[in-house]
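# Notes for the structure review
Here is how the chains run, residue by residue.
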Amino acid sequence: MGADGKVRVRFAPSPTGALHIGGAHTALFNWLWARRTGGSFILRIEDTDRERSTAEYERTIMDGMRWLGLDWDEGPDKGGDHGPYRQSERMDGYREAAMALVRSDRAYMDGRAVIFRVPSGENILLDDVIYGAINVASEKSSVNQDGSVKDIVLIKSDGMPTYNFAVVVDDHSMGVTCVIRGEDHIANTPKQILIYRALGWETPQFAHLPMILGSDKKKLSKRHGATSVFEYSDMGYLPDAVFNFLALLGWTPGGGVEIFGRELAARAFELSNVTKKPAVFDTDKLNYVNQEHLKAMSPAARREAVEPFWRDLGLRYERHPREYTENALTLMGGRGRTTRELAEYSDYFVDFEPVKSRYDASETDGPHRGTLREFFGALYDKFGTSGWEAAKLEEFAREWCGENGVSLKEIAMPMRLALSGRKVSPGVFEMAGLMGGEECRARLSYYQFV
RNA sequence: GGUCCCAUCGUCCAGCGGUCUAGGACAUCGCCCUUUCAAGGCGGCGACACGGGUUCGAACCCCGUUGGGACCGCCA
């Protein structure tokens, strides 16, 4: 606990790449714990690698976090009582701590570098919130490939602190109470604990999160496709769905609940309930979660999510009243698992052009077209072009088919194709009702059905 | 090679010594619904890695084996 007893956690990415799935997962669990406990979530930028760190990546990471709805309480952009929040701006602290260690002979100078003496014969206990007790002999905490003890570099020759040193100094001075990070850091922790001890500082709690693996069970990387969370956005995944799916990797709110939002997660989250087993990133499940969120959205929110994809497809959705496109998407029901799919599958509601390029009505040449013309003729005789209602259209179609010995399917499928250019769509009378008699006539006459 | 971690259906989780002939979700297969496809409903297939202990009793505790993984940079 911090000075005031409040939990303080942090997400500390290095701005050497975009926010990827693994980082997002770590950030998410930190966020959950902070929100659950009413504590603070700190964003700290670990830019001590001057070669690879860029301001652009720093922005991208923050944008990624915002996209996921992970807001932070302290950070480089908004300040806080423990700033600055970029390691490159905290050099004095590292220098000071390093010199203290040199004075107490726990470290020594090597040129411009400062090196920590790794002690022997000490037991290091890492009492991890998730993994439990892990014991490591101090002389095994930092070794060369041949197993010999290797002293730990604190300050590099370029004057910058190393990761293992900077984390300790910052987590301590920022009052971090619990370090939540990926399991790949377990091996670093004993070294850090040694540094805490030498500095006479109390260690924070540690909670290591299971890794996220690709379908080949290897640590997730660019090889597995998407590297940035924005690629998921581009593919048509909703931020709420990615949040939900990521939260499910290593945790459940319990009670069999799998589809949930940030509020519920923040209320139910329990750090000690997080799984130890690495989790495979399963796209099928992500698709399902996304579909569920898509179904649960309000018509207006769904429309807004789909519009950019319609725009990408060159479809001029602005021509229609919002109510029309919203109703169209409502008719789409559970069709489409990503926003992108939903936009593609519903293109014909927006424009007739894609229909023309997909369907040529050649299979209705011959006697069947005569039947269709008779039906649509009767339909327009009865309804004209206004006041089209799905239920009435369907009732008429069923009656007409019964009287003329034609199966409904023989009418419905060509009609579906003429209106949508697809064999798959919502109910054809619902579509016709929404599009209206005028638009339907244009499409039907194009195929000479009317 | 060394250190450390992990081990329940293909995948994600539940199970935290008896209520487990192991539960849910995704995926998959079948049926129902039906103007198509989704959605929805119903059902099938499908796992405690193996071997020793401890215990009246083990998926749950201990040990070993096997199999995965992470780490061993003046990267973070």
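Anything mentioned here points back to the structure above.
How each quantity is defined
Residues numbered from 1 in each chain as written. Chains lettered and ligands numbered in written order. Predicted model: local features only at pLDDT ≥ 70, side-chain atom pairs only at ≥ 80, totals over all residues. Heavy atoms only, no water. Near = heavy atom within 4 Å. Polar contact = N/O pair within 3.5 Å; in protein donor to acceptor, adjacent residues only side chain to side chain. Helix = DSSP H or I, 4+ residues; strand = E, 2+ residues; numbered from the N terminus. Nonpolar A, V, L, I, M, F, W, Y, C, P; charged D, E, K, R; others polar. Pairing = 2+ DSSP bridges. Axes fitted to C-alpha atoms, helices over the stretch in contact; angles between N-to-C directions. 1 Å grid on protein atoms, 1.4 Å probe; cavity = no way out; pocket = protein on both sides within 12 Å on 5 of 7 lines; lining within 4 Å. Points joined across faces, edges and corners; volume = space filled by probe spheres on them. Buried < 20%, exposed > 50% of the residue type's maximum accessible area, 1.4 Å probe, protein only. Right-handed = clockwise from strand over helix to strand, strands pointing away.

## Digging into the protein's contact with RNA strand B
Residues in contact with RNA strand B amount to 62 residues; listed here are only the nearest, V143, K156, K218, E258 and R335. Sugar plus phosphate: this is where 71% of the atoms of RNA strand B within 4 Å of the protein reside. One nitrogen or oxygen atom from the side chain of R337 is found 3.4 Å from a phosphate oxygen belonging to RNA strand B. Of all the secondary-structure elements, those providing two or more residues to the surface near RNA strand B are β11 (279-280), α9 (283-296), α16 (390-404), α17 (408-420) and α18 (428-446). For the surface near RNA strand B, the element with the highest residue contribution is α9, accounting for six residues. Taken together, the residues that form the surface near RNA strand B break down as 21 nonpolar, 14 polar and 27 charged.

## A few points about the sheet that holds strand β4 (residues 113-116)
If you trace the three strands from one edge of the open sheet to the other, you get β3-β4-β7, paired in antiparallel fashion. One side of each edge strand has no neighbouring strand; the edge strands of this open sheet are β3 (107-110) and β7 (152-155). Within the sheet, the average angular offset between the axes of one strand and its neighbour, ignoring direction, is 35°. Two strands pair when backbone bridges link them, and β4 and β7 are joined in this way by three bridges, in the antiparallel orientation.

## Observations regarding the layout of surface pockets
Picture a little ball the size of a water molecule; that probe, rolled over the atoms, points out where space is still empty. Taken as a whole, the largest pocket encloses approximately 1,100 Å³ of empty space. Looking at the largest pocket, it is lined by 41 residues, and the ones nearest its centre are H20, G22, G23, D184 and H185. Among the secondary structure elements, those contributing two or more residues to the lining of the largest pocket are β1 (8-11), α1 (21-37), α4 (163-173) and β8 (178-182). In terms of residues, the lining of the largest pocket owes the most to one element, α1, which gives five residues. Here the residues of the lining of the largest pocket sort into 17 nonpolar, 15 polar and nine charged.

## Quick word on the pairing of β8
With five of its five residues buried, β8 lies for the most part within the structure. Pairing of β8 with strand β9 (residues 205-209) involves five bridges; the strand directions are parallel. Bridge pairing in β9 links G182 to L209. The handedness of the β8 to β9 crossover, carried by helix α5 (residues 189-199), is right-handed.

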